[in-house]
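Below, each chain spelled out in residue letters.
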Amino acid sequence: MEVILRHPKFGDSNTARLEPRGGLGAGSQGGRGVAFFDVNTTANELVAEIAFPGGADPVFTPDLSRVYAGGVGSVYVIDATALRIADADPSTPAVDPIPLPGAAFVRQMTTDPHGHFIFAVGMAPEVWVIDARPGSTTFNKVLLSLPLPRGRAPLSGIAVTADGKRLLVGTGTSDDDG
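Residues numbered from 1 in each chain as written. Predicted model: local features only at pLDDT ≥ 70, side-chain atom pairs only at ≥ 80, totals over all residues. Heavy atoms only, no water.

Q: Would you explain the overall build of the protein in this entry?
A: Within the protein, the secondary structure is distributed over zero helices and 18 strands. Buried positions account for 37% of the 178 residues belonging to the protein. Contacts spanning at least 24 positions in sequence make up 36% of the contacts within the protein whose residues lie at least 6 apart. On the protein, roughly 10,000 Å² of surface is accessible, and the fraction owed to carbon and sulfur atoms is 55%. (Helix = DSSP H or I, 4+ residues; strand = E, 2+ residues; numbered from the N terminus. Buried < 20%, exposed > 50% of the residue type's maximum accessible area, 1.4 Å probe, protein only. Contact = heavy atoms within 4.5 Å. Areas by Shrake-Rupley, 256 points an atom, 1.4 Å probe, with all protein chains shown as cover.)

Encoded structure:
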């Protein structure tokens, strides 16, 4: 990621380049956000805790620059280099998550192998597709909702095949089906 500071009077700064550091793991804090830990240590300590309502199923982008995590009616974007919530809508003064239609509850997420799209599901009979391509005009926005044939149990599963050609979504409504 390249960073340039733009000042209205003094102009642009020199370019600074930040590299995702990798070596991080992330886990939900049970509805209170996401905790980050170092995967290259035996120490039992957290690197950072990012608090927000939700935190379900944090997913790293393949380039390790961002983490997407389910919120309450939204998906939060976390800058994995700065370890802070990233603003999904810079046109407002607030630091915004990505809103989902209908105040949806997100329980599971996945990404395609290239990290272009985030697929989010909850118990509702739909999959929300989020644009995760930084140069896109629809970056960090819901592109579409894919309808499912029925509601789903919260942990029914979602995955994208390794070749990126198929999205697999479990639609079981109990432990005994789908």
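So much for the structure itself; the text now carries on.
Q: Before we go on, may I ask you to explain the nonpolar core in this structure?
A: Across soluble globular proteins, you tend to see nonpolar side chains buried next to one another. Membership of the largest hydrophobic core comes to 15 residues, with the highest contact counts inside it found for Tyr68, Val75, Ile98, Leu100 and Met109. Within the residue set of this core, elements represented by two or more residues are strand S10 (74-79), strand S14 (117-121) and strand S15 (126-131). For Val75, the contacting residues outside a window of four places in its chain are Tyr68, Ala69, Pro97, Ile98, Leu100, Val106, Met109, Ala120 and Ile130. Core analysis: the next-biggest nonpolar cluster, separate from the first, contains twelve residues, Leu24, Ala48, Ala69 and Ile78 among them. (Core = buried A, V, L, I, M, F, W, Y, C linked by side-chain atoms within 4.5 Å.)

Q: Just to check I follow, could you spell out the sheet that holds S14 for this structure?
A: Remark on secondary structure: sheet strands pair via backbone hydrogen bonds, oriented parallel or antiparallel. Spatial ordering of the open sheet is given by S13-S14-S15-S16, a layout of four strands whose pairing is antiparallel. Every interior strand has two partners, whereas the edge strands, strand S13 (108-111) and strand S16 (142-147), have only one. Neighbour-to-neighbour, the strand axes of the sheet open up by a mean angle of 20 degrees, direction not taken into account. Across five bridges, S14 lies against S15 in antiparallel orientation. Across the sheet, Ala120 pairs through a bridge with Trp128, a residue of S15. (Pairing = 2+ DSSP bridges. Axes fitted to C-alpha atoms, helices over the stretch in contact; angles between N-to-C directions.)

Q: Which parts of the structure should I look at to understand the side chain of Asp79?
A: With respect to the secondary-structure elements, Asp79 resides in strand S10. For the buried Asp79, no salt bridge is present, and the opposite-charge side chain at shortest range is Arg84, 4.7 Å distant. A distance of 2.9 Å separates the side chain of Asp79 from the backbone nitrogen of Ala82, its partner in a polar contact. (Lys, Arg positive; Asp, Glu negative; His and termini not counted. Salt bridge = Lys/Arg side-chain N within 4 Å of Asp/Glu carboxyl O. Polar contact = N/O pair within 3.5 Å; in protein donor to acceptor, adjacent residues only side chain to side chain.)

Q: Explanation requested: the sheet that holds strand S5 (residues 24-28) in the structure shown.
A: Ordered by their spatial adjacency, three strands build an open sheet running S5-S6-S7, and the pairing between neighbours is antiparallel. Looking at the sheet topology across the chains shown, the edges are occupied by S5 and strand S7 (46-51). Taken pair by pair, the neighbouring strands of this sheet meet at an average axis angle of 20 degrees, ignoring direction.

Q: Would you mind going over a nonpolar patch on the surface with me for this structure?
A: Nonpolar side chains collect at one region of the surface, where Phe37, Val39 and Leu46 lie side by side and expose about 250 Å² of accessible area between them. Mapped onto the elements of the fold, Leu46 is located in strand S7. For Leu46, a relative accessible area of 45% translates into the label partly exposed. (Patch = residues over 30% accessible without salt bridge, like charges linked within 9 Å, V, L, I, M, F, W, Y side chains within 5 Å.)

Q: In this structure, what is going on with the pattern of salt bridges? I would like to understand it.
A: Opposite charge on two side chains permits them to pair, given that their charged atoms come into close proximity. All chains considered together, the criterion is met by one salt bridge. The salt bridge partner of Asp131 is Arg133, with a shortest N-O separation of 2.9 Å. Judged by its relative accessible area of 0%, Asp131 falls in the buried class. Residue Arg133 is classed as partly exposed on the basis of its relative accessible area, which comes to 32%.

Q: Would you explain unusual backbone geometry in this entry?
A: The phi angle of most residues is negative, glycine excepted, and most peptide bonds adopt the trans form. Of note in this structure, Leu64 is not a glycine but carries a positive phi near 65 degrees. Given a relative accessible area of 36%, Leu64 falls into the partly exposed group. One non-glycine residue, Leu83, lies in the positive phi region at around 55 degrees. Assessed through its relative accessible area of 15%, Leu83 is described here as buried.

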